[in-house]
Amino acid sequence: MQAISVQQPWAFAIACGGKSVSNQAMPTAYRGPLLIHASMRVDLSACDSPLVQAAGWDPGDPLAAIGAAIAVADLAAVCSATVDGGTDECACGPWAEPGAHHWHLADVRALPRPIVALGRTDLWEPAASLVAEVETMMAGAALNKVT
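It should be emphasised that the depicted structure is a prediction, and the values quoted were computed from it without experimental measurement. (Residues numbered from 1 in each chain as written. Predicted model: local features only at pLDDT ≥ 70, side-chain atom pairs only at ≥ 80, totals over all residues. Heavy atoms only, no water.)

Trainee: Teacher, can you tell me more about the overall build of the protein chain here?
Mentor: Each helix and strand in the protein chain was counted, giving three helices and five strands. Order of helices (α) and strands (β) in the protein chain, N terminus to C terminus: β-α-β-β-α-β-β-α. Taken over C-alpha atoms, the radius of gyration comes to 15 Å for the protein chain, in line with the 15 Å a tight globule of 147 residues would show. In terms of overall dimensions, the protein chain has a C-alpha envelope of 50 × 35 × 30 Å along the principal axes. Residues counted as buried form 42% of the 147 residues belonging to the protein chain. (Helix = DSSP H or I, 4+ residues; strand = E, 2+ residues; numbered from the N terminus. Rg over C-alpha atoms; globule rule 2.2 N^0.38 Å. Buried < 20%, exposed > 50% of the residue type's maximum accessible area, 1.4 Å probe, protein only.)

Here it is as structure tokens:
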């Protein structure tokens, strides 16, 4: 499992399943499970974005935490069509920003509660103890849904 740190309210929008594209400065060959970590920074100007509001932005929601792992998604694809001033258009949707690499997220699963953790810039490998805590929490959540 790899991880990315994302500013709020964008991390919230991902965790709620509304934001299926993460705009990144760098591409990656990695595909697979991706831990979504809410960074310690908040993009205050984005809190009033119509897209963020449509995702249900609520600063009182536990998923609005900062400095914590809040979700797991599958990094399914990366589109780089609009990078480096390219004139190529892409169909990555309203969350995709021109000039960024669009990391396509699938099967987003919000954690039942945030897990406080330090993040890093770019793609990073979470500590084994954090991965174990996430996996235990997700397994418990799956069991609760079945019963």
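Structure shown, so let's carry the discussion forward.
Trainee: Which parts of the structure should I look at to understand the nonpolar core?
Mentor: Within soluble globular proteins, side chains that are nonpolar tend to cluster in buried spots. Leu34, Ile36, Ile70 and Leu105 are the most contacted members of the largest nonpolar core, which totals 29 residues. Those elements giving two or more residues to this core turn out to be β1 (2-8), α1 (10-15), β3 (32-42), β4 (68-79) and β5 (101-116). At six residues, α1 tops the list of elements feeding residues into this core. Not counting residues within four places of it along the chain, the set of residues in contact with Ile70 comprises Gln8, Ala11, Phe12, Ala15, Ile36, Ala38, Leu63, Ala110, Leu111 and Pro114. Counting twelve residues, the second largest nonpolar core, distinct from the first, contains Val72, Leu130, Val134 and Met138. (Core = buried A, V, L, I, M, F, W, Y, C linked by side-chain atoms within 4.5 Å. Contact = heavy atoms within 4.5 Å.)

Trainee: Is there a simple way to think about the sheet that holds β3 in this case?
Mentor: With mixed pairing, five strands are arranged side by side in an open sheet as β1-β3-β4-β5-β2. Strands with a single pairing partner mark the edges of an open sheet, and in this sheet they are β1 and β2 (21-24). Across the sheet, the mean angle separating the axes of adjacent strands is 45° when strand polarity is ignored. (Pairing = 2+ DSSP bridges. Axes fitted to C-alpha atoms, helices over the stretch in contact; angles between N-to-C directions.)

Trainee: It is not clear to me how the pairing of β5 should be interpreted in this structure. Could you clarify?
Mentor: Every other side chain in a regular strand lies on the same face of the sheet, so the side chains alternate between the two faces. Pairing analysis gives four bridges linking β2 to β5, with the strands arranged antiparallel. Bridging from a neighbouring strand, Asn23 pairs with His102 of β5. The pairing of β4 with β5 spans nine bridges and is classified as antiparallel. Paired with Ala77 across the two strands is His104, which belongs to β5.

Trainee: Sorry if this is basic, but what is going on with the state of the cysteines here?
Mentor: Per the counting criterion, the structure on display carries zero disulfides. You can see Cys47 has no disulfide; the closest cysteine sulfur is in Cys16, sitting 13 Å from it. In this structure Cys90 is a free cysteine whose sulfur lies 3.5 Å from that of Cys92, the closest cysteine sulfur available. (Disulfide = S-S within 2.5 Å.)

Trainee: How should I be thinking about the layout of surface pockets in this particular structure?
Mentor: Where empty space is left in the structure can be found by rolling a water-sized probe over the atoms. When its volume is computed, the largest pocket comes out at roughly 570 Å³. Along the wall of the largest pocket there are 23 residues; nearest its centre are Ser5, Val6, Gln7, Gln24 and Ser39. Only β1, β2 and β3 provide two or more residues apiece to the lining of the largest pocket. For the lining of the largest pocket, the element with the most residues is β3, which contributes four residues. Its residues assigned to classes, the lining of the largest pocket comprises eight nonpolar, nine polar and six charged. (1 Å grid on protein atoms, 1.4 Å probe; cavity = no way out; pocket = protein on both sides within 12 Å on 5 of 7 lines; lining within 4 Å. Points joined across faces, edges and corners; volume = space filled by probe spheres on them. Nonpolar A, V, L, I, M, F, W, Y, C, P; charged D, E, K, R; others polar.)

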